[in-house]
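Structural description and commentary
Read off the chains here:
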Amino acid sequence: MADFESYDEDLRGFVEELVAFETTDGNEADAQAFVAGVLSGLGFDVYEFEADADVLAAHPSFPDDVRDIDVAGRPVVGGVLEFGDPEAGRTLLLNGHVDVVPAEPERWETPPFEPSWDGDRLVGRGAADMKSGLGVCVFAARALADDPGDLDGRIVVESVVGEEAGGIGAAASALGDPYPFERDAAIITEPTELAPVVATEGSLMKRLELAGRSAHAATPWRGESVLPHFERIREAFADLERDRHDRITHPLYEDYPTRWPVVFGRVDAGNWASSVPDTLTAEVRIGVAPGETVAEVETEFADALADVVADSEWLSAQAPQFERFGVQFEPSELDIDEPIVESVRAALAVADRDSTPVGVTYGADARHYIDAGIPTVLFGPGSIEQAHFPDESIAWPEVLDAGDVLVTAARNYLK
């Protein structure tokens, strides 16, 4: 059996070079060309395709206007390796996203897109989320192909774009027919600290707009500030958040202090320090539990807002606007008895690691594949606590451990 650690040097070089690409949303093309070249050089059959904005606009999670969906010049890259009689076996998809969130260089100790090492930790934007995980996919597939034994089937390594913006590449892959074969299951190497994740939380993104009446700050009684109205709405949403935490339970989420968080991540009010603020725009992210739908949760919060409005003469006359924006994340959940989950758990057991399935409070591309009938589990190196943070890093020994487990899990699934 091929020793995954023997691929260490090539894996390090691949991930270091990939981290050096500033693959923020919409800027993935050069990195994807690099990935395609590496896959081709390693003997993969390479496929490339772009998302269709019209198809995504028809999907309830994406904006209705195709102009709000950026797909041009953002290819998905898939590399395929076949074993034995591929038609006689299963096809396993190994997936990672190449895009990253923006970095603020002034908050980093080292330039975010110049990979560096702090002992055995790789530092750089995307090191944890999730370019190391994508590298593990590439070289785990190559390791299996170098020692396939009597396996039949295929492995597809897929590098997608736009995950941080809602999963543009994964949705294109799941909703389309990019390969001349079906995919039976998938593993996405998100940073799960080597835990098998079978449930992901969804999220509803809404924009609240309030209107008041401006007045000079010297005579505020002549105006109507939007701030007290916003505070009543925020308190009502906080009450509903607490109610939902108590009312909506799930065995994989019992230990979270807030299971279905509600966060006003952006608030913009007023336009002049010496004027009563008469406008407010706030953007809120609302957690959606596995088993719920975005639409159901949207109705709950719309009703809570309606109760606040009904108690206010001003808001009843100046109705708030509360509209979706961006991409909505439906939750996802996979039965732990699915063969792909059993394969990952068995591989973890061989490595003497905890194989207990877990749920997470963030969204992921798994939902697109699961909705398309492709059972998908998250499993990868690194921690979500490093994702989106300055000086993002990953412990390299964990990357190598992830490769060992992934090779065994793939072999378990394909045998």
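Quick caveat: nothing in here was measured; it's all calculated off a predicted structure. (Residues numbered from 1 in each chain as written. Predicted model: local features only at pLDDT ≥ 70, side-chain atom pairs only at ≥ 80, totals over all residues. Heavy atoms only, no water.)

**Structural notes on the pairing of strand β6 (residues 153–160)**
Here β6 lies mainly inside the structure; eight of its eight residues are buried. Alternating positions in β6 separate into two faces, Gly153, Ile155, Val157 and Ser159 on one and Arg154, Val156, Glu158 and Val160 on the other, with burial throughout. Both strand β3 (residues 90–97) and β6 contribute to a ladder of eight bridges, which runs parallel. If you follow His97 over to β6, its bridge partner there is Val160. (Buried < 20%, exposed > 50% of the residue type's maximum accessible area, 1.4 Å probe, protein only. Helix = DSSP H or I, 4+ residues; strand = E, 2+ residues; numbered from the N terminus. Pairing = 2+ DSSP bridges.)

**Digging into unusual backbone geometry**
In the segment running from Asp129 into Met130, the intervening peptide bond is cis, with an omega of -10 degrees. Looking at where Met130 falls in the secondary structure, it is placed in helix α4 (residues 127–146). Positioned with a positive phi, His388 is a non-glycine residue whose angle comes to about 70 degrees. Structurally, the position occupied by His388 is in the loop between β15 (376–378) and β16 (393–395). Of note in this structure, Asp391 is not a glycine but carries a positive phi near 55 degrees. Among the structural elements, Asp391 can be located in the loop between β15 and β16.

**Describing helix α7 (residues 294–310)**
Look at α7: 24 Å from first C-alpha to last across 17 residues, which is about the 24 Å you get at 1.5 Å a residue. Those residues of α7 that fall on the buried side of the exposure criterion are Val294, Val297, Glu298, Phe301, Ala304, Leu305, Val308 and Val309. Down the axis, α7 shows its buried residues gathered within 145 degrees of arc, on one side only. In α7, the exposed positions that point more than 90 degrees away from the buried face belong to Asp307 and Ala310. Those residues of α7 that are buried lie in contact with β9 (202–211), α6 (226–247), β10 (262–269), β11 (279–288), α8 (313–317) and β12 (321–324). (Expected span 1.5 Å × (residues − 1). Arc of directions from axis to C-beta. Contact = heavy atoms within 4.5 Å.)

**A few points about the pairing of β11**
A large share of β11 lies buried, amounting to seven of its ten residues. Summarising the sheet, β9 and β11 pair through ten bridges and their orientation is antiparallel. Residue pairing in the sheet places Gly202 in a bridge with Val288 of β11. In the sheet, β10 pairs with β11 via seven bridges, with the strands oriented antiparallel. Counted as the bridge partner of Arg266 is Glu283 from β11.

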